[in-house]
Amino acid sequence: MGWFVMALPDVLEFFPDEHPARPVLLAVLNRTVAAVAQVQDAATGLWFQVLDQPGRPGNYLEASASCMFVYGMAKGVRLGYLPPRWLATVQAGYQGVVERLVEVDEAGQVTLNRICAVAGLGGTPYRDGSYEYYISEPVVSNDFKGVGPFILAGVELKRVHERAVERSES
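The structure displayed is predicted, hence computed values, not measured ones.

1. As for the packing of helix α1 (residues 2-12) against helix α3 (residues 63-78)
It is the contact of α1 with α3, at a shortest axis distance of 8 Å, that shows an interaxial angle of 20°. Classified by the interaxial angle, the pair formed by α1 and α3 is roughly parallel. Crossing of α1 against α3: the hand is left-handed. Contacts between α1 and α3 involve G2, W3, V5, M6, P9 and D10 from the former and M68, F69, Y71, G72, M73, K75 and G76 from the latter. Partitioned by chemical class, the residues of the contact of α1 with α3 number eight nonpolar, three polar and two charged.

Dropping the structure here:
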C-alpha cells in the first residue's frame, strides 16, 4: 500500500489536467488515503506492517510504509490533490517516525529502524500474502526502501510548510 500511496501523487503530477483518467486517479488517491488514515495507530501516528491487524501477535509498527504514506499524503496536499485536513495525519505520522523509529548516535549517525527488508507476492519460494508471511520477513535498519521515503517525506513536509508560509504572507 505504501508504494501505491507514494506513486499516485507522483503520477498525477505528470498527468495532463484534461486527461479523462485524471479524475479517476484523484478519486482513487482520496479513497485510498481515507482508508489508510483509518488504520493509522492513534497512539504513535505510525502504521503496522499488516495494516488491518494492529493487535495481532507479531505485528509491528513499520517504517517504510509509514514514511511512504507520509510522503504521498504530504505531496498530495501540497499539490492540491488532497484536502488540507490530511495534514494532521501527515504530521502525526512523521512525528511518530522521528520519535519512535529514528535513532541518532553519539557521532550524529542517523538510523531508521523497523523496515521490512522485503515483501511481495508469488515467486519462488512462493510468497502467499498471508499474515504469517508478512510478519516473518526480516526487519532491518537503514534499508533504502525506508530511508528514501523518509527523506522524501521530510522534503515534502518542508515544502508544505513553505507553501503555507507563502500563502499567509500574500
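So, next bit.
2. A closer look at helix α2 (residues 22-38)
Counted at 1.5 Å a residue, the expected span for α2 with its 17 residues is 24 Å, and the 25 Å between its end C-alpha atoms agrees. Those residues of α2 that fall on the buried side of the exposure criterion are R22, L29, T32, V33, V36 and A37. Relative to the axis of α2, the buried residues are bounded by an arc of 130° and lie together on one face. Set apart from the buried face of α2 by more than 90 degrees, the exposed residues are P23, V24, R31 and Q38.

3. Examining the packing of aromatic side chains
One pass over the structure, following the stated rule, counts three aromatic pairs. Each ring, one from W47 and one from F69, has its centre 5.0 Å from the other, and the planes form 70°; the classification is edge-to-face. With W47 in strand β1 (residues 47-48) and F69 in helix α3, this residue pair connects regions lying 22 residues apart in the sequence. The residues W47 and F69 share a single accessibility class, namely buried.

4. Re unusual backbone geometry
Note the cis peptide between T124 and P125, where omega equals 0°. By the element assignment, P125 lies in the loop between β5 (115-116) and α5 (131-136). Phi at R114 is positive, roughly 65°, even though this residue is not glycine. With a phi angle near 60°, N142 is a residue other than glycine that sits in the positive phi range. Note that N142 resides in the loop between β6 (139-140) and α6 (144-169).

Calculation criteria
- Residues numbered from 1 in each chain as written.
- Predicted model: local features only at pLDDT ≥ 70, side-chain atom pairs only at ≥ 80, totals over all residues.
- Heavy atoms only, no water.
- Axes fitted to C-alpha atoms, helices over the stretch in contact; angles between N-to-C directions.
- Helix = DSSP H or I, 4+ residues; strand = E, 2+ residues; numbered from the N terminus.
- Parallel < 35°, antiparallel > 145°, perpendicular 65-115°, else oblique.
- Left-handed = near helix turned anticlockwise from the far one by under 90°.
- Contact = heavy atoms within 4.5 Å.
- Nonpolar A, V, L, I, M, F, W, Y, C, P; charged D, E, K, R; others polar.
- Expected span 1.5 Å × (residues − 1).
- Buried < 20%, exposed > 50% of the residue type's maximum accessible area, 1.4 Å probe, protein only.
- Arc of directions from axis to C-beta.
- Phe/Tyr/Trp six-rings, centres within 6.5 Å; stacked < 30°, edge-to-face > 60°.

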